[in-house]
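Now for the letters of each chain:
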Amino acid sequence: MIKIEIKNHREIVKKERSRLISALAPFFVDVEQRVEEEIVKQIQQVFNMRGIEADFKIIFDRED
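Description of the structure in this document. All figures in this text were calculated on a predicted structure; none of them were measured in a lab.

1. Focus on the overall build of the chain
Each helix and strand in the chain was counted, giving 3 helices and 0 strands. Traced from its N-terminal end to its C-terminal end, the chain shows the element sequence α-α-α. With 64 residues in all, the chain has 16% of them scored as buried. When contacts within the chain are restricted to residue pairs at least 6 apart in sequence, long-range pairs at least 24 apart make up 40% of them. Summing over all exposed atoms, the chain offers an accessible surface of approximately 6,100 Å²; the carbon and sulfur share of this is 52%.

As structure tokens, then:
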């Protein structure tokens, strides 16, 4: 099992999107969850290109 914890999700959003969107996004979506979903998609693409079969799950274990 591999567990990846994204610690700088807000910085990633700021880098990838405009400042206004990154400032407003937390009010409308779970930014951390969206970043995790996008990273999983990218990992899946790499695995698929290399013929690696794997299951991906995002486990929501938030302590907010």
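2. Focus: the pattern of salt bridges
For the structure shown, the criterion picks out 1 salt bridge. Two residues, lysine 41 and glutamate 38, come together in a salt bridge whose shortest N-O distance is 3.4 Å. With lysine 41 and glutamate 38 both in helix α3 (residues 31–50), this residue pair falls 3 residues apart, about one helical turn.

3. What about the environment of glutamate 36?
The residue glutamate 36 is located in helix α3 in this model. The spatial distance from the C-alpha of glutamate 36 to the C-alpha of histidine 9 is 8.2 Å, given a sequence separation of 27 residues.

Cut-off values and rules
Residues numbered from 1 in each chain as written. Predicted model: local features only at pLDDT ≥ 70, side-chain atom pairs only at ≥ 80, totals over all residues. Heavy atoms only, no water. Helix = DSSP H or I, 4+ residues; strand = E, 2+ residues; numbered from the N terminus. Buried < 20%, exposed > 50% of the residue type's maximum accessible area, 1.4 Å probe, protein only. Contact = heavy atoms within 4.5 Å. Areas by Shrake-Rupley, 256 points an atom, 1.4 Å probe, with all protein chains shown as cover. Salt bridge = Lys/Arg side-chain N within 4 Å of Asp/Glu carboxyl O.

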